[in-house]
Amino acid sequence: MVYGHSDPGRSPIIEPVTLKILVAGGFGAGKTTLVGAVSEIRPLRTEELLTEAGRPVDNIAGVEGKKTTTVAMDFGRITLREDLVLYLFGTPGQDRFWFLWDELATGALGAVVLADTRRLEDCFAAIDYFERRGIAFTVAVNCFEDAESYPEETVREALDLDPGTPVVLCDARERESVKRVLISVVEHAMLATATTR
């Protein structure tokens, strides 16, 4: 309930500070799942069924069981305190939807680049996007059950990341695992902001 200032027995209206984090990565990396695992609200999803018309342009190798795809964005929210709210925006993974990224990235504190070791090359475009725009990001390796497991340093080398870029292993289905990823993004973004001042 929102209260006005005229009622002395009630708390004043608090305008929360909002933080924005993007969740990007390749097609089928688990972006929609990650947003849904941690959002306190039912996430907004803009998913459509994969069709035969998309078969020539959507590489489903390694994610053959995928039946839907995000065509605009996923949106979730986490209230950290009464005066601090975190918004999560999941980006679409296919090249043909990248025109949306500039709008989604406006005002972002940082980003998660969700990586799938079965298709690691799919996250190069997201890494390049955030590096070029100076947006702090964490690479989160989504540990799929049928994917080979690699140490963080091996992933770092394969992606040719700057030494300060965090790499964390996660399970995009598990709330606590996703929370650790988001904490990494915020800490990295705060450190990057402090060093540029």
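Quick note: structure is the one above.
Thresholds, definitions, all that
Here the residue index of a chain counts from 1 through its sequence in written order. Reporting in this predicted model follows two pLDDT cut-offs: at least 70 for local features of residues, and 80 or more for side-chain atom pairs to be given and counted; totals over whole chains, interfaces and linings ignore these cut-offs and use all residues. Calculated side-chain values reflect all of the structure's heavy atoms, with hydrogen atoms and water omitted. Put simply, two rings from Phe, Tyr or Trp (the six-membered ring, in Trp's case) pair if the centres are within 6.5 Å, and we call them stacked under 30 degrees between planes, edge-to-face over 60, tilted for the rest. Only DSSP runs of H or I covering at least 4 residues are called helices, and only runs of E covering at least 2 are called strands; the numbering of each starts at the N terminus. A simple rule labels every residue: compare its accessible area, found with a 1.4 Å probe on the protein chains alone, to the largest value its type can have, and call it buried under 20%, exposed over 50%, or partly exposed in between. Here, a charge over a ring means that NZ of Lys or CZ of Arg falls within 6 Å of the ring centre while also lying within 35 degrees of the ring normal. By disulfide we mean two sulfur atoms from cysteines, separated by a distance within 2.5 Å. Any two residues whose heavy atoms approach within 4.5 Å at even a single point are treated as in contact. What counts as a salt bridge is simple: a side-chain nitrogen of Lys or Arg found within 4 Å of a carboxyl oxygen of Asp or Glu.

### Details of the packing of aromatic side chains
- The full count for this structure, using the stated rule, is 4 aromatic pairs.
- Aromatic side chains Phe75 and Tyr87 sit 5.4 Å apart centroid to centroid with 45° between the ring planes, which places their arrangement in the tilted category. Of this pair, Phe75 sits in strand S3 (residues 68-81) while Tyr87 sits in strand S4 (residues 84-90); the two residues are 12 residues apart in sequence, bridging distant segments of the chain.
- Classification of Tyr87 by relative accessible area gives partly exposed; the value is 26%.
- Ring geometry for Phe130 versus Phe137: centroids 6.2 Å apart, planes at 35°, classification tilted. In this structure, Phe130 and Phe137 share a single accessibility class: buried.
- Ring-pair connections join several aromatic residues into one group, and the members of that group are Phe75, Tyr87 and Phe89.
- The ring of Phe89 carries Lys20 above its face, with NZ or CZ at 4.9 Å from the centroid.

### Description of the state of the cysteines
- Taken as a whole and assessed by the stated rule, the structure comprises 0 disulfides.
- Note on Cys170: no disulfide assigned, nearest cysteine sulfur contributed by Cys143 at a separation of 6.4 Å.
- Owing to a relative accessible area of 3%, Cys170 belongs among the buried residues under this scheme.

### Side note on the side chain of Thr165
- Here Thr165 is to be found in the loop between helix H4 (152-159) and strand S7 (167-170).
- Of the residues examined, Thr165 reaches a relative accessible area of 6% and is grouped as buried.
- Sequence-distant contacts of Thr165, that is, excluding residues within four places in its chain, are made with Phe137, Arg156 and His188.

### Some remarks on the pattern of salt bridges
- Across all of its chains, the model carries 11 salt bridges by this definition.
- Here Glu40 and Arg77 are joined by a salt bridge, their closest N and O atoms 2.9 Å apart. Taken together, the residues span a long stretch of sequence, with Glu40 in the loop between helix H1 (31-38) and strand S2 (44-49) and Arg77 in strand S3 at a distance of 37 residues.
- When its relative accessible area of 30% is taken as the criterion, Arg77 is described as partly exposed.
- For Asp122, the salt bridge is made with Arg119, and the minimal N-O distance between the two is 2.9 Å.
- Judged by relative accessible area, which is 24%, Asp122 ranks as partly exposed.

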